[in-house]
Structure formats: C-alpha cells, structure tokens
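Observations on chain architecture
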Amino acid sequence: MAEELLRAEHINKAFSGVVALQDVQFDLKPGEVHALLGENGAGKSTLMKIISGVYTRDSGDLFINGEQINHDLTPHSAQHMGIGIIHQELNLCPHLTVAENIFLNREFAVAGGVLNKKKQNEAAKEYLSQLNLEIDPATVTSKLPVSKQQMMEICKTLSLNARIVIMDEPTSALTEKEIEDLFSVIALLKQQGKGIIYISHRLEELSRIVDRVTILRDGRYVRTLNFGETSLPEIISLMVGRTLTEKFPRIETPRGEKVLEVKHLSSPHGVGVKDVSFELYKGEILAFAGLMGAGRTETVRAISGADKMSAGEVILNGKPVKIKSPAEAINMGLFCAPEDRKRDGLCVRMTLAENITMPSLDVISKFGVIMKKLEGEKTASMVKSLRIKTPGINQYVRNLSGGNQQKVVVGKWLMRNAQVVIFDEPTRGIDVASKIEIYNIINDLKKNGIGVMFVSSELPEVLGMSDRVIVMCNGKITGEFITRDTDQEKILHYATQY
Ligand SMILES: Nc1ncnc2c1ncn2[C@@H]1O[C@H](COP(=O)(O)OP(=O)(O)OP(=O)(O)O)[C@@H](O)[C@H]1O
Ligand SMILES: [Mg+2]
C-alpha cells in the first residue's frame, strides 16, 4: 500500500484572471479523515474539483498513490484512479429513478444492450442498505426530500468503490440519524484503509471523525494540524484570520403588534402539516425547531404560497389573505427564502445582479425598463453588506462558491420592503464569520419592525438568535417556548414527541 494516497503541491488556479487557488498544498494518507476547512470562497471546492478532474489546474504537482500525474485528469480518469467525489450541490437527474441515478453511465446491460432493470434495482438496494436507507430503488428521485437525495449522492460515490473519497459538505442537508449513519460508513471506510477528504462548515461535528485538518484562507494554504493537537477556536481564527468574539449577536427590541396569524393550517404536501396555528409579531424573531422532516419547510411553503394549503387561514396585518403563489406573497410583503437554493432560490445561469434584483424589478425599473445603473448600485451595496465574495456583480451565480450562493438567496429578499421575512435554513453551508453577518441582517430586519421567522436544524442558532421557539414534530406543533426560558434538551424532547 502506498504511503500516501494523494499529494498536491504548489497548486494554482485562476478563473478568467480571478485567482481561486495560490500555491496550495494538501495530502491524504490511507485510513484517515482529513478535513479541508476555510470560509466561503476560500477555494475548497475548487481544489477538490481539480483533484477529481472537473477542473484542470493552471500549475502545480499532483501525485496519486505516489505516482505523479503529468496529464490532465478528467472526471472519468480520476474515477478510474480511485477518486470519488460527493459534490456540494446535488447533481442528480430528478426525473430518473433512484437506481438509475446511482448507476448513471454504468447501467446494467444484458446481451443486446438491453437494460437489466431488476438486477440494477437489486444492486442499488445493496448500497442503499449500507446507509440504512429504506428507499425503493424504483422511486423517482424528485419525489424524495433533499436529505434523501443527499444520501443518494453518497450512495452513488460509495458504489464506485473509490480509495479516495471526497465529501464536500455531505451533512448540510442530512437529518441527525442520517449523519449518524454516514459517520458509521466513514468509520468503515477508514478501517478499509481508504482516505476521506471532508469539507464542512459544521465544525462541531469534526471531533467525531477527523484526524487532521488543513485550513485555506482566500485561496492560500494556511496550515495543516493534527486535530488532537488543536482546538476549534484555533481553527476558527486560522480560517477567518482574526478571533471571533460573539457567535450570536442577539439584540433586544420591544415586540410590536401582531403582523401574522396562522390558524389551523393543514397542507398535504411532503410529510404533511396538520392543524398548525401560531402568531408572529413585528420586531420578533420566531424560530421553527425540529428534526429534518418535521414539517417546518412544508409549513412555510404553504404560508408563502409555494404549496397549496388544504385547510386553514392566514391573517396578515389583521386582514385574512389568500396567498395563491409566491408572487402574490411578495406583493403582500411576505418573503420566503427557500431551503433548496439551486432548485427554488436561484437562477444559476443568470448573473448575481440579475438574481439579487429579481424580486425587486419594479423598484429598479422605470416604464418597464430596467435601470442598469440603479440595478448595479443596489447590487453593489448588498454585495458589500453581505460580504459576497465575487469578482463582480455580473458574475454568473453558478460560478460563486456554495456559501456565497446562499448569501445571494438571502440578499434577494432584503432588497424589498417586507412585512414578514421567512428564512428556511438561512445559514446552511455558510462559514462561521458569514453566519454572524446573516444574523446581523436578521437583526436589522427586527430593528425595522419586520416579523422574522426562521427554520433551523441547528439548535445553538435557534437558542442564540430567536425570541420565541415553536417546535414541530411529524407535521404538528408539539411545543412553544420563550427562548430565554428554554434549553436544548427541552427542545429536543418536544422535537421527538411522536
Ligand atoms: N467556474 C468558476 N468560474 C469563476 N469563478 C469560480 C468558479 N468556480 C469557483 N470560482 C471562484 O473561486 C473561488 C473559490 O470558490 P470555491 O467554490 O472553491 O470556494 P469554497 O471554499 O468551496 O466555498 P464554500 O464554503 O462557500 O463552498 C470563489 O471566489 C469562486 O467565486
Ligand atoms: Mg464549496
């Protein structure tokens, strides 16, 4: 067995003149989990895409199993050399079945080139069961929730039997139980002498699996450390280049009048929502806690017109309203930033400026014509206040790093004059320093008397930022607390009450 599975040295990469990586190094040993850490836009995904043949490096040395790679890798040749990658963004074909996605381009053929569906489904089931997934391989992928789709991506990579497994933010959309299942699989891969490169912004989970960490900042190599010989505060300060004092910048403002009331809401979509009633006040931050699949996303989708509700009433500023589409919701001053940014939140083939001003076209147009200068000014100020890392406002959104795409989703809704702003997992995939900026934006909304709701699976964030918490489980509200009177344990108790 080679001493090293992978070594990258002096790696440089620029995108049309914009430097993404500069003199970066990284190595991976058999049987280890090596975390690659850094803020949004630090260059983590770019380095991984170079190693897996998606991008070609501009210069630098790459060794795989001790052998220097002098040619350009392609995704196919990298796969052939034992490199498997779970990409940060889902790459599944939504209209294909689970098994078809897992074996895409490697279909099970029988003589005559006819697909052996039965055999393929059986093989898929094997891999699914490794991850404790009870999904019928013949299910159409788009019918599955995001967390299950993410698990499928993991399955797909496992089925390649790679020696180097790259996981770019694998857990950002997973439930607690799925994370446990993934960690058991990682332990198994380690035992088999495979190497895992692990990227995550959920720093708390690192201690569970990680052996070494390498930190990048602004496309440059900072340091590699043994995890046992460092601490999270040290890692964070190396990532952001300064010490962060306050994780949750909570502010106290008086609660205003009632702005939103939801009565007996039911929605048949997804996991289904039954008889949900609550109120939201001006200048209040209301968190929706619960486990993944508790019905929180379905609740906010129904309120904001993304899904049709089957029963219930929504009262905005004292007036009963019927919101039949997100466009109507926006006109009434109710905005929802969705959880699946690629599918619902962004047009990745359009520019940052076009995306961020999309809900505000009326604000930036005159006589139906977009005022380009105004569009530019509004976008530039949002880029500045959210610290969106981009070479310019006309960059295509698909070229932004994952976390910076998320900031665009948030920024879109901040351009409008809102009454109610709903965020679904607003800080998913966002680095520690930028999280604080999103919290500051939420605080700004609060200061301006806007009612803010957010769905979050991260309890520290729920406890650190909200005034009140509603806990959901199985499509129903199971508990409601004033945040300062509750704690993690209590919320978890109600989140698991079936
Ligand atoms: N195809 C591309 N074209 C232009 N610029 C790109 C492209 N891919 C990445 N970049 C830029 O390279 C830089 C590094 O991006 P990368 O996606 O590697 O960051 P990251 O560390 O993975 O961040 P995150 O934590 O947000 O996922 C960013 O500034 C990004 O905008
Ligand atoms: Mg990334």
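Preceding this section is the structure that the text describes.
Observations regarding the pairing of strand 21 (residues 420-424)
A regular strand carries its side chains on alternate faces of the sheet. The buried count for strand 21 comes to five of five residues, which makes it a mostly enclosed element. Both faces of strand 21 are covered, namely the face carrying Val420, Ile422 and Asp424 and the face carrying Val421 and Phe423. For strand 18 (residues 334-337) and strand 21, the ladder comprises four bridges, and the chain directions are parallel. Residue pairing for strand 21: Phe335 is matched across the bridge by Val421. Direction of pairing for strand 21 relative to strand 22 (residues 451-455): parallel, over a ladder of five bridges. Looking at the pairing, Val421 lines up with Val452 of strand 22. Chirality of the crossover, the property in question, places the unit of strand 21, helix 16 (residues 432-447) and strand 22 among those that are right-handed.

Observations regarding the packing of helix 5 (residues 146-158) against helix 6 (residues 176-191)
Relative to each other, helix 5 and helix 6 sit at 10 degrees, their axes nearing to 11 Å. Relative to helix 6, helix 5 is oriented roughly parallel. Residues Ser147, Lys148, Met151, Ile154 and Leu158 of helix 5 form the contact with helix 6, whose participating residues are Glu178, Asp181, Leu182, Val185 and Leu189. Along the lines of polarity and charge, the residues of the contact of helix 5 with helix 6 split into six nonpolar, one polar and three charged.

Some remarks on the environment of Thr297
Within the element layout of this structure, Thr297 appears in helix 9 (residues 296-303). Residue Thr297 is classed as buried on the basis of its relative accessible area, which comes to 17%. In the structure, Thr297 is positioned 137 residues away from Leu160 in sequence and 33 Å away in space, judged by C-alpha atoms. With residues near it in sequence (within four places) discarded, Thr297 still touches Glu339 and Asp424.

With respect to the pattern of salt bridges
Within the structure shown, the criterion is met by 26 salt bridges. Between Glu180 and Arg208 there is a salt bridge; the shortest N-O distance is 3.0 Å. Note that Glu180 is positioned in helix 6 and Arg208 in helix 7 (residues 206-209), a separation of 28 residues in sequence. A residue is classified by how much of its surface remains accessible, and Glu180, at 37% relative accessible area, is partly exposed. By relative accessible area, which is 48% here, Arg208 ends up partly exposed. The residue Glu375 makes a salt bridge to Lys372 at a minimum N-O spacing of 3.0 Å. Taken together, the residues Glu375 and Lys372, both in helix 14 (residues 372-385) and three residues apart, mark about one turn of the helix. Among the residues examined, Lys372 registers a relative accessible area of 54% and is labelled exposed. A network of salt bridges, in which partner residues are shared, links Arg255, Glu284, Arg468 and Glu480.

Overview of the state of the cysteines
As enumerated under the stated definition, the model contains zero disulfides in all. The thiol sulfur of Cys93 is not disulfide-bonded, and the nearest other cysteine sulfur, from Cys155, lies at 16 Å. For Cys155, a relative accessible area of 0% gives the class buried.

Thoughts on the nonpolar core
Judged by nonpolar contacts, the single largest core of 48 residues is most densely connected at Leu37, Met167, Ile186 and Val213. The biggest single contributor to this core is helix 6, with six residues. Setting aside chain neighbours within four positions, we find Val213 in contact with His34, Ala35, Leu37, Arg223, Thr224, Leu225, Phe227 and Ile235.

Describing the packing of helix 15 (residues 402-414) against helix 16
Relative orientation of the contacting elements helix 15 and helix 16 amounts to 15 degrees, with a least axis distance of 12 Å. Judged by the inter-axis angle, helix 15 sits roughly parallel to helix 16. Helix 16 is crossed by helix 15, and the crossing has left-handed handedness. Residues Lys407, Val410 and Leu414 of helix 15 touch helix 16, and the partners they reach there are Ser434, Glu437, Ile438, Ile441 and Leu445. Of the residues assigned to the contact of helix 15 with helix 16, the class counts are five nonpolar, one polar and two charged.

Concerning the site of ligand 1
Taken together, 20 residues lie near ligand 1, and Lys44, Thr46, His201, Ser401 and Gly403 sit nearest. One of the backbone N or O atoms of Gly41 is found 2.8 Å from an oxygen atom in ligand 1. In this structure, an oxygen atom belonging to ligand 1 sits 2.8 Å away from a side-chain N or O atom of His201. In isolation ligand 1 exposes 640 Å². Once the protein is present, 92% of that is buried. Here the shell around ligand 1 gets three residues from one element, more than from any other, and that element is helix 1 (residues 44-51). Grouping the constituent residues of the shell around ligand 1 by class yields five nonpolar, twelve polar and three charged.

The rules behind the values
Residues numbered from 1 in each chain as written. Chains lettered and ligands numbered in written order. Predicted model: local features only at pLDDT ≥ 70, side-chain atom pairs only at ≥ 80, totals over all residues. Heavy atoms only, no water. Buried < 20%, exposed > 50% of the residue type's maximum accessible area, 1.4 Å probe, protein only. Helix = DSSP H or I, 4+ residues; strand = E, 2+ residues; numbered from the N terminus. Pairing = 2+ DSSP bridges. Right-handed = clockwise from strand over helix to strand, strands pointing away. Axes fitted to C-alpha atoms, helices over the stretch in contact; angles between N-to-C directions. Parallel < 35°, antiparallel > 145°, perpendicular 65-115°, else oblique. Contact = heavy atoms within 4.5 Å. Nonpolar A, V, L, I, M, F, W, Y, C, P; charged D, E, K, R; others polar. Salt bridge = Lys/Arg side-chain N within 4 Å of Asp/Glu carboxyl O. Disulfide = S-S within 2.5 Å. Core = buried A, V, L, I, M, F, W, Y, C linked by side-chain atoms within 4.5 Å. Left-handed = near helix turned anticlockwise from the far one by under 90°. Near = heavy atom within 4 Å. Polar contact = N/O pair within 3.5 Å; in protein donor to acceptor, adjacent residues only side chain to side chain. Areas by Shrake-Rupley, 256 points an atom, 1.4 Å probe, with all protein chains shown as cover.

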